[in-house]
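So the chains spell out like this:
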Amino acid sequence: MAEEAQPLPVVSYLKLPENGDPYLEGQKCGSCGSIFLGEREVCSKCGTRGSFDAVKLSNQGKLYVYSIVHRSFPGIEVPYVSAIVDLDGGGTVKGNLIGIDPDPEKIQFGMPVEVVYQDALGRKDREGNSYISYFFQPANG
Amino acid sequence: MSEDVYVVGIDMIKFGRFPERSVPNLAAESALLALDDAGLKIQDIQALWSGNLGQAGAMVGQRMLQEIGQTGIPVVNVANACATGATAFRDAWMSVKAGVYDLVMAVGAEQMGKGLLGGGGGGKGIPKEGLLGSGLMPAVFAEAGHEHSAKYGTTFEQFAKVSVKNHHHSTLNPKAMYQKETPLEMVMGSEMIAYPNTKLMCSVNVDGSAAAVIASEKKAKELGLMDRAVRIKASALASDPWQERDLVMPDVNTCTRIAVKSAYEQAGCGPDDIDLVELHDCFATAEILHYENLGLCGDGEAGKMIDEGATALGGKTPVNVSGGLLSKGHPLGATGIANIYEVSTHLRGEAGKRQVEGARMGMTHVIGLGSACAIHILEKV
Ligand SMILES: [Zn+2]
């Protein structure tokens with residue numbers, strides 16, 4: 001019997017260490033300190049080459065902006081909340097905001113959120129691999 | 001400084017849905033209309049810039065000439081997202097400004113499917129739409145609008161008022177896709193696509209084309225075309241500079257501000273000198289942002305501006321009196337030249353029921369994500 005395949009990370013900057021919790025990784029420019037997602041050679045802010053350090057991004061942040069998506073491609077369940085989150089200590093990421101009613105009355109700009117890691121809504125690739133994704137949920141104290 | 005450059009012929013077709021026609025065929029129709037507007041023939045044109053996005057690799061400009069006259073002139077096919085048509089116009093303008101040619105044409109044409117744009121993503125692994133938020137255009141521009149809401153408290157109702165206004169304007173424009181009033185309750189109550197953008201707050205995907213004939217001052221005088229000529233006072237193009245949230249949030253503001261600064265400098269004027277504006281209302285949320293980006297009001301005052309009717313026909317600075325992308329329609333590659341057609345028509349005093357009285361100077365603005373912002377300032381001769 002084949003060994004059960006491990007789920008894969010949904011994006012390259014989501015890290016799944018063998019011993020330890022998942023986290024998001026930023027690439028920090030050694031020259032200007034800008035944080036990017038995913039590996040790169042040159043900083044698009046200052047132009048410095050080959051001077052990036054991998055940094056562990058925070059799992060805490062604040063909701064910057066959002067939209068509640070009611071119409072999407074066929075097969076994608078709606079509504080969902082598309083959210084842009086500024087992580088504490090640097091780095092901005094986009095993802096689904098879960099654990100809250102998709103209702104503008106309930107969602108506040110600047111509200112504290114935390115990053116959580118779960119199966120990627122059951123989506124699998126052509127080879128049948130499953131994936132781990134990241135989501136945001138309200139951080140209630 | 002080299003001599004001024006003028007629009008001497010310009011026109012557009014009524015936007016609509018023409019699935020049975022080809023893109024070059026749509027382009028050909030407005031090219032002929034623009035030639036007629038100037039009383040010229042294709043044999044008079046020295047070079048052509050052709051804007052189209054959907055078939056960017058398919059030599060649309062040459063195929064258009066195969067329909068209306070293969071004269072052997074240089075043809076450049078241009079693609080620059082939603083700034084495609086304006087970029088073709090600008091490159092044609094530059095060639096005359098540089099003294100390489102003195103009579104050229106810019107054309108923009110597009111054929112659109114119905115439905116949502118953006119969110120493609122593709123790549124390896126699994127689809128990311130609805131998993132890592134949304135890359136669909138209505139949501140992207142909803143988030144851009146919400147940045148304004150977060151800073152200044154701009155409301156869903158204020159965004160919706162943009163759509164009420166532009167749909168109202170389009171009832172006066174026979175070349176708009178729609179001529180239909182949409183009261184506030186109708187806009188806010190129409191299908192929610194991506195909060196706060198409802199269906200009536202999203203631009204209409206249509207087919208269309210527009211074309212302009214551009215001439216040097218010497219040539220325009222020689223041809224006796226100065227009476228209806230429109231002076232191109234400024235042509236500016238900017239890309240998006242680095243921004244903190246770039247990786248996840250396209251910035252439509254900064255490149256607009258860079259382009260407009262250059263445009264005002266070239267024209268030697270400021271926002272108070274502008275009598276009308278055609279700006280990129282791809283979504284109702286976007287129009288609010290651009291009032292401030294273009295300096296039509298101070299930062300944080302755009303909500304008040306729409307509330308007070310300052311941007312409606314008859315207001316201080318009428319915006320999108322054509323009906324805008326929201327109701328006239330948004331055939332990507334044609335949009336930039338159609339905007340220039342609208343402003344030129346007002347400067348010529350030929351805009352009929354929607355005429356902005358006494359218009360002397362007007363501005364056009366388009367922005368394509370990725371990003372490219374093109375701005376032109378035009379002046380009555
Ligand atoms: Zn740097």
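The structure we're discussing is the one just above.
The rules behind the values
Residues numbered from 1 in each chain as written. Chains lettered and ligands numbered in written order. Predicted model: local features only at pLDDT ≥ 70, side-chain atom pairs only at ≥ 80, totals over all residues. Heavy atoms only, no water. Contact = heavy atoms within 4.5 Å. Buried area = accessible area lost by both parts, 1.4 Å probe. Salt bridge = Lys/Arg side-chain N within 4 Å of Asp/Glu carboxyl O. Polar contact = N/O pair within 3.5 Å; in protein donor to acceptor, adjacent residues only side chain to side chain. Helix = DSSP H or I, 4+ residues; strand = E, 2+ residues; numbered from the N terminus. Buried < 20%, exposed > 50% of the residue type's maximum accessible area, 1.4 Å probe, protein only. Axes fitted to C-alpha atoms, helices over the stretch in contact; angles between N-to-C directions. Left-handed = near helix turned anticlockwise from the far one by under 90°. Nonpolar A, V, L, I, M, F, W, Y, C, P; charged D, E, K, R; others polar.

Next up on the list: the interface of chain B and chain A. With 33 residues of chain B at the contact, the number on the chain A side is 40 residues. Where chain B abuts chain A, roughly 3,300 Å² becomes buried across the two surfaces, and 65% of that area is made up of carbon and sulfur atoms. Connecting chain B to chain A are three salt bridges. In this structure, the salt-bridge partner of A:Lys94 is B:Glu143, at a minimum N-O distance of 2.9 Å. On inspection of chain B and its partner chain A, the count reaches 18 residue pairs in polar contact (both at pLDDT 80 or more). When residues of the side of chain B that touches chain A are traced back to their parent elements, those giving at least two are α4 (137-152) and β5 (192-195) of chain B. Ranked by the residues each element gives to the side of chain B that touches chain A, the list is headed by α4(B), at eight residues.

Glancing now at the pattern of salt bridges. Under the definition given, this model contains 21 salt bridges over all chains. For A:Glu25, the salt bridge goes to A:Lys15, with nearest N and O atoms at 3.9 Å. Taken together, the residues span a long stretch of sequence, with A:Glu25 in strand β3 (residues 23-29) and A:Lys15 in strand β2 (residues 14-15) at a distance of ten residues. Overall, A:Lys15 belongs to the partly exposed group, its relative accessible area being 26%. Between B:Arg348 and B:Asp37 there is a salt bridge, and its shortest N-O distance comes to 2.8 Å. On the criterion of sequence distance, the pair formed by B:Arg348 in the loop between α12 (332-347) and β10 (361-368) and B:Asp37 in helix α1 (residues 23-38) is long-range, its members being 311 residues apart. A single burial state applies to B:Arg348 and to B:Asp37, both of which are buried.

All names here are of chain B. It is at 8 Å that the axes of α1 and helix α2 (residues 60-68) come closest, and there the two elements cross at 65°. Seen along the crossing, α1 lies across α2 with a hand that is right-handed. On α2, the residues that touch Val 23, Pro 24, Asn 25, Ala 27, Ala 28, Ala 31 and Leu 32 of α1 are Val 60, Arg 63, Met 64, Glu 67 and Ile 68. When grouped by side-chain class, the residues that make up the contact of α1 with α2 number nine nonpolar, one polar and two charged.

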